[in-house]
Amino acid sequence: MSAPPARTAVVTGGASGIGRAIARRLAAEGLNVAVFDIASTEDGDGLLVDVTDRAQVDKAADTVRERYGPVSVLVNAAGQDGFTRFAELPFADWQRVVDINLNGVFHCVQSVLPDMWEGRWGRIVNISSSSAHSGQPFMAHYVAAKSAVNGLTKSLALELGPRGITVNAVPPGFIDTPMLRTAEQRQRLGGTVEEHIARTPVRRVGRPEDIAATCAFLVSEEAGYITGQIIGVNGGRNT
Ligand SMILES: NC(=O)c1ccc[n+]([C@@H]2O[C@H](COP(=O)([O-])OP(=O)(O)OC[C@H]3O[C@@H](n4cnc5c(N)ncnc54)[C@H](O)[C@@H]3O)[C@@H](O)[C@H]2O)c1
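Sequence positions are assigned chain by chain, starting from 1 and proceeding in written order. Thresholds applied to this predicted model are a pLDDT of at least 70 for local features of residues and 80 or more for the giving and counting of side-chain atom pairs; totals over whole chains, interfaces and linings are not thresholded and use all residues.

The chain is annotated in an unreviewed UniProt entry as SDR family NAD(P)-dependent oxidoreductase from Streptomyces ziwulingensis. Here the chain is described in UniProt, under the heading Sequence similarities (unreviewed entry), as follows: "Belongs to the short-chain dehydrogenases/reductases (SDR) family." UniProt positions are given in the numbering used here, feature names are shortened, and annotations may be inferred rather than shown by experiment.

In structure tokens, the structure reads:
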């Protein structure tokens, strides 16, 4: 008997940090992987796509279908944080952060959902944030968007479960990526990464590979009974 054809995954935000580790891990697991990112990738697996632009997302999804076939796995990792006192937060900044972190998920899910629906099998993982658990000062727009992603995840899980499509969210804790180090340099973390490590039960900063390993499991065949869950990967620290 011949092996079933490799599944095809889209990973947004896969040019850097967590998304990059996820794209590499899924490729190592044998999936066809296409990255949607505004930046180009080191591994040549990327399409230049702004996830806030539906026309770009739809065009890229068609390119992936032509290259590999239907998309049955989607990991939404594209994101951008922001740090501004709420009283001074321009509405345009609020909109941009909501657009990337929340509306980008809307566009990408809607764009590839027909493939999963038709194939009666799908896996969607949304990378939210542990900051949605307890809130974060100066990050109201980011936390609001990531909290909405958790809510979207739960609703979609109920709606799509009967069709064999699971939807889960992974809120990372402190993960060592360019986003985290930039926040540290700008003194936006409420302390250094080292100080946060001292307050983390497992006493280390997270690695992008920690998130990638969780995603690899959630998109596997074996994880078919897990849906609508918000699965923290945070070293034991929920903030
Ligand atoms: N690093 C952490 O500690 C941490 C903690 C909680 C949540 N997260 C979330 O994890 C995800 C990955 O973060 P990271 O730390 O790897 O950040 P990162 O900045 O290293 O990577 C984010 C990627 O998203 C891409 N991106 C940004 N806007 C985009 C757009 N409009 N369209 C397409 N791509 C776009 C960037 O080009 C970049 O490649 C984000 O959603 C972030 O909010 C990270």
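*Asks:* Looking at this structure, how should I read the environment of D43?
*Replies:* Runs of H or I in DSSP of at least four residues are treated as helices and runs of E of at least two as strands, each being numbered from the N terminus. Mapped onto the elements of the fold, D43 is located in the loop between β2 (32–37) and β3 (46–48). Taking the C-alpha atoms as reference, D43 lies 8.7 Å from R24; in sequence the two are 19 residues apart.

*Asks:* Sorry, what's going on with the packing of helix α2 (residues 54–68) against helix α3 (residues 91–119) here?
*Replies:* Any two packed helices are characterised by the angle at which their axes cross and by the distance between the axes. Only the stretch in contact is used when a helix axis is fitted, and all axes are lines through C-alpha atoms; the angle between N-to-C directions ranges over 0 to 180 degrees. Closest axis-to-axis distance for the α2/α3 pair is 9 Å, and the angle between their directions is 35°. Two packed elements cross with a definite hand, and for α2 against α3 that hand is right-handed. In this structure, α2 contributes R54, V57, D58 and A61 to the contact, and α3 contributes H107, C108, S111 and V112. Here the residues of the contact of α2 with α3 sort into four nonpolar, two polar and two charged. Left-handed is the label given to a crossing in which the near helix is rotated counterclockwise from the far helix by less than a right angle, and right-handed is the label when the rotation is clockwise. Contact criterion: two residues are in contact if their C-beta atoms, reconstructed from the backbone, are within 7 Å. Gly falls in the polar group here, along with every residue not listed as nonpolar (Ala, Val, Leu, Ile, Met, Phe, Trp, Tyr, Cys, Pro) or charged (Asp, Glu, Lys, Arg).

*Asks:* Explanation requested: the UniProt feature "domain: Ketoreductase" (unreviewed entry) in the chain in the structure shown.
*Replies:* The positions that UniProt labels "domain: Ketoreductase" (unreviewed entry) are, in the present scheme, residues 7–173. Within residues 7–173, the helical portion is 49% and the strand portion 18%, while the C-alpha atoms at the span's ends are 29 Å from each other.

*Asks:* I keep staring at the site of the ligand and nothing clicks. Help me out?
*Replies:* Whether a residue is near a molecule or strand depends on its C-beta atom, generated from backbone atoms, being within 6 Å of that molecule or strand. Near the ligand lie 32 residues; those nearest to it are G13, G17, G79, T177 and M179. Listed by contribution, the elements that provide at least two residues to the shell around the ligand are α1 (17–28), β2, α3 and α6 (178–185). Along the lines of polarity and charge, the residues of the shell around the ligand split into 17 nonpolar, twelve polar and three charged.

*Asks:* Honestly, the pairing of strand β5 (residues 122–127) in this entry has me stumped. Any pointers?
*Replies:* Side chains on a regular strand alternate between the two faces of the sheet. Summarising burial for β5: six of the six residues are buried, a large majority. Burial of the side chains of β5 extends over both faces: G122, I124 and N126 are buried on one face and R123, V125 and I127 on the other. Both strand β4 (residues 73–76) and β5 contribute to a ladder of four bridges, which runs parallel. The residue of β5 that forms the bridge with L74 is I124. Each parallel crossover has a hand, and for β4 linked through α3 to β5 it is right-handed. We call two strands paired when DSSP finds no fewer than two bridges between them. Direction of pairing for β5 relative to strand β6 (residues 165–170): parallel, over a ladder of six bridges. Note that in β6 the partner of V125 across the bridge is N168. Counting other C-beta atoms within 10 Å of each residue's C-beta, where C-beta atoms are placed from the backbone, gives the exposure class: buried for 20 or more, exposed for 12 or fewer, partly exposed between. Handedness of a crossover: with both strands directed away from the viewer, a clockwise path from the first strand across the helix to the second marks it as right-handed.

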